[in-house]
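Descriptive structure summary
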Amino acid sequence: MPPFDSGREMGSNETLKAAARLVLRVLPPVIAVFMVVAGYYFIWSVSPESPFTEVMERTRAGIVLTVTGGLVLIVCMHGILR
């Protein structure tokens, strides 16, 4: 037997739990990176001819997305690197 085998077969319930744990560990950093990219897109996609209210709305949304995504990424990295 390999050294990592505990002497019993993994049931389907344990396999689902392991898969769910893996997804929940990988999904937040991926979502955080997409949030940061979307935030930068909102900030840089404003054209110079846009009305001031649209500029403010897109910039505010971009800042919120970028900061929130960065914070989520920092928290996730802290949990991974601990």
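Below is a summary of the structure that appears in this document. What you see is a predicted model, and the numbers here were worked out from it, not measured in a lab. (Residues numbered from 1 in each chain as written. Predicted model: local features only at pLDDT ≥ 70, side-chain atom pairs only at ≥ 80, totals over all residues. Heavy atoms only, no water.)

1. As for the overall build of the chain
- Looking only at helices and strands, the chain has two helices and zero strands in total.
- For the chain, the residues scored as buried account for 12% of the 82 residues in total.
- Taking as baseline every contact in the chain between residues at least 6 positions apart, the subset at least 24 positions apart corresponds to 58%. (Helix = DSSP H or I, 4+ residues; strand = E, 2+ residues; numbered from the N terminus. Buried < 20%, exposed > 50% of the residue type's maximum accessible area, 1.4 Å probe, protein only. Contact = heavy atoms within 4.5 Å.)

2. Some remarks on the pattern of salt bridges
- Evaluated as defined, the whole model comprises one salt bridge.
- When the shortest N-O distance is used, the salt bridge between Arg58 and Glu54 registers 3.6 Å. Taken together, the residues Arg58 and Glu54, both in helix α2 (residues 52-81) and four residues apart, mark about one turn of the helix. (Salt bridge = Lys/Arg side-chain N within 4 Å of Asp/Glu carboxyl O.)

3. With respect to the packing of aromatic side chains
- All told, the structure shown has one aromatic pair when counted by the stated rule.
- Between Tyr41 and Phe42, the aromatic rings sit 6.3 Å apart at their centres with planes inclined by 50°, giving tilted as the arrangement. (Phe/Tyr/Trp six-rings, centres within 6.5 Å; stacked < 30°, edge-to-face > 60°.)

4. Focus on α2
- In this model, α2 (30 residues) spans 43 Å end to end at C-alpha, consistent with the 44 Å of a helix rising 1.5 Å per residue.
- Summarising the contacts, the buried residues of α2 are in contact with α1 (12-44). (Expected span 1.5 Å × (residues − 1).)

5. A closer look at the side chain of Ser50
- Tracing the backbone through its elements, the reader meets Ser50 in the loop between α1 and α2.
- For Ser50, the side chain forms a polar contact with the side chain of Ser47, separated by 2.9 Å. (Polar contact = N/O pair within 3.5 Å; in protein donor to acceptor, adjacent residues only side chain to side chain.)

6. Quick word on α1
- Its 33 residues give α1 an end-to-end C-alpha distance of 47 Å, which sits within 8% of 48 Å, the value for a rise of 1.5 Å per residue.
- At Leu27, α1 shows its strongest bend, of approximately 25°, with the proline Pro28 following within four residues.
- Those residues of α1 lying buried are Pro29, Ala32, Val36 and Gly39.
- Considering only its buried residues, α1 is in contact with α2. (Bend = angle between axes of the 7 residues up to and from the residue.)

7. Remarks on the packing of α1 against α2
- Relative to each other, α1 and α2 sit at 155°, their axes nearing to 7 Å. Judged on the interaxial angle alone, α2 and α1 are roughly antiparallel. Read as a crossing pair, α1 and α2 show a hand that is left-handed. (Axes fitted to C-alpha atoms, helices over the stretch in contact; angles between N-to-C directions. Parallel < 35°, antiparallel > 145°, perpendicular 65-115°, else oblique. Left-handed = near helix turned anticlockwise from the far one by under 90°.)

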